[in-house]
Amino acid sequence: MKTSIRACLAWLALTPMFALPAAAQQAKGQSEPSANARKPGVVILATGGTIVSSTRSPTDMANYSGALAGVDSLLKAVPQIHDYANVRAEQIVNVGSNVITSENILNLAKRVNALLAEPEVAGVVVTHGTDTMEETAYFLSLATRSSKPVVITGSMRPATSLSADGPVNLLDAVMVAADPGSRDRGVMVVMNDRISAARYVTKMNTLNVDTMGALEQGYLGAIAGERVIYYFEPARAKGELYFDVSAVTKLPQVELVYRYQGQEMQLVRDAVAEGARGVVIGFTGNGNASADHEALIREFGSKGIPVVRSSRAVSGIVTPKLSGSMATGSLSAQKARILLMLALSQTSDLGQISEFFAQQ
Ligand code: ASP
């Protein structure tokens, strides 16, 4: 078993399956120094995920081994990225995004901010598991501030599988980060040749490579051949809100509870008793609460604990309804949790927190 994992990881670094069949085996990393100087600087921050995972056979797309390859393997696997940018890379953490922590994303945001402040850095690429990519993307869109692009990518198929999507996703992400037209567009997710806004994107399919998108808002653009194409100027995609996390050492605990038929209130009470400083409830439909929930929202509100009304519906807007409750607008419940966490890291004032939600 161990031998086969080791064999797979070696393959990840060397396999032609993971390298592009491109005519472009040519220049990678061998450009003239003067040409390099003209290329934009892009830093890849690796956090793990399927893009660096391996399976026992190329036809097994679902049972990843526990061992994840490091950032060096990513760079070796797609040497063509050096044709588009002066690339360097760092490993932030190396885990699946189903187990990434609030501490990990806080550290990531701080590192992204530091890099964006470096004059020679034109953009940052984050490699990440797809399961919670949308949460990290939204977190970064609220906790970083720059005209420079931050692009998140990953893959649905392990690095060792047939038609692995990681290499082309990484290449696309570097192209987007290096493209001058990507400035002032906020944090973006690049997967399957498409560009999505962090604010709206969600994982829509458990296994398919065409998983990241936004039902209602669509895509910002696409990568077509060697061109990065934007369809629109961003309206709200850049995000008007900004939270300075430079002095934050720990993010507050915020829990997320889904409403279902016959649900009792106890789960929400337990979450607060266990230390949650706020709760998001993914209600049915347009954030439709029962009378019991309304009473609970008022009770916790009077104790200074925000209970935010979101929806478990796959798209649409939760409109303000109850006095004293905060509605999430078009934010998904999982993204509302990110916003509430950041809001509580700066203030306990429920009026101000309501304002943050009203701006979404
Ligand atoms: N388990 C993986 C993760 O989120 C799934 C993926 O990357 O596609 O890290």
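Predicted, not measured: the structure shown is a model, and the values here were computed from it. (Residues numbered from 1 in each chain as written. Predicted model: local features only at pLDDT ≥ 70, side-chain atom pairs only at ≥ 80, totals over all residues. Heavy atoms only, no water.)

Engineer: Hey, could you run me through the layout of surface pockets in this one?
Structural biologist: Empty space among the atoms becomes apparent when a probe as large as a water molecule is rolled across them. The calculated volume of the largest pocket comes to roughly 480 Å³. If you list the elements that add at least two residues to the lining of the largest pocket, you get strand 7 (202-203) and helix 9 (333-346). Residue classes in the lining of the largest pocket are distributed as twelve nonpolar, eleven polar and five charged. Empty space within the second largest pocket amounts to approximately 270 Å³. Taken together, 18 residues make up the lining of the second largest pocket; nearest its centre are Thr50, Tyr64, Gly96, Asn98 and Asp131. Residue composition of the lining of the second largest pocket, grouped by class: four nonpolar, twelve polar and two charged. (1 Å grid on protein atoms, 1.4 Å probe; cavity = no way out; pocket = protein on both sides within 12 Å on 5 of 7 lines; lining within 4 Å. Points joined across faces, edges and corners; volume = space filled by probe spheres on them. Helix = DSSP H or I, 4+ residues; strand = E, 2+ residues; numbered from the N terminus. Nonpolar A, V, L, I, M, F, W, Y, C, P; charged D, E, K, R; others polar.)

Engineer: What is the right way to read the packing of aromatic side chains from this model?
Structural biologist: Aromatic rings considered in pairs are described by the distance between their centres and by the relative angle of their planes. Tallied over the full model, the rule gives two aromatic pairs. Considering the side-chain rings of tyrosine 231 and phenylalanine 232, the 6.0 Å spacing of their centres and the 70 degrees angle between planes classify their relative orientation as edge-to-face. Overall, tyrosine 231 belongs to the partly exposed group, its relative accessible area being 47%. On the basis of relative accessibility, which here comes to 49%, the residue phenylalanine 232 falls in the partly exposed class. Centroid distance phenylalanine 243 to phenylalanine 356: 5.0 Å. Interplanar angle 75 degrees. Geometry classified as edge-to-face. With phenylalanine 243 in the loop between strand 10 (227-230) and strand 11 (254-258) and phenylalanine 356 in helix 10 (residues 350-358), this residue pair connects regions lying 113 residues apart in the sequence. (Phe/Tyr/Trp six-rings, centres within 6.5 Å; stacked < 30°, edge-to-face > 60°. Buried < 20%, exposed > 50% of the residue type's maximum accessible area, 1.4 Å probe, protein only.)

Engineer: Teacher, can you tell me more about the site of the ligand here?
Structural biologist: Taken together, Gly49, Thr50, Tyr64, Gly96, Ser97, Asn98, Gly129, Thr130, Asp131, Ser155 and Met156 make up the full set of residues adjacent to the ligand. One of the side-chain nitrogen or oxygen atoms of threonine 50 is found 2.9 Å away from an oxygen atom of the ligand. Serine 155 places a main-chain nitrogen or oxygen 3.0 Å from an oxygen atom of the ligand. Among the cavities detected, the one that contains the ligand is the second largest pocket. Residues that form the shell around the ligand fall into these classes: two nonpolar, eight polar and one charged. (Near = heavy atom within 4 Å. Polar contact = N/O pair within 3.5 Å; in protein donor to acceptor, adjacent residues only side chain to side chain. Sits in = over half its atoms within 2 Å of the grid points.)

By themselves these figures say nothing about function.
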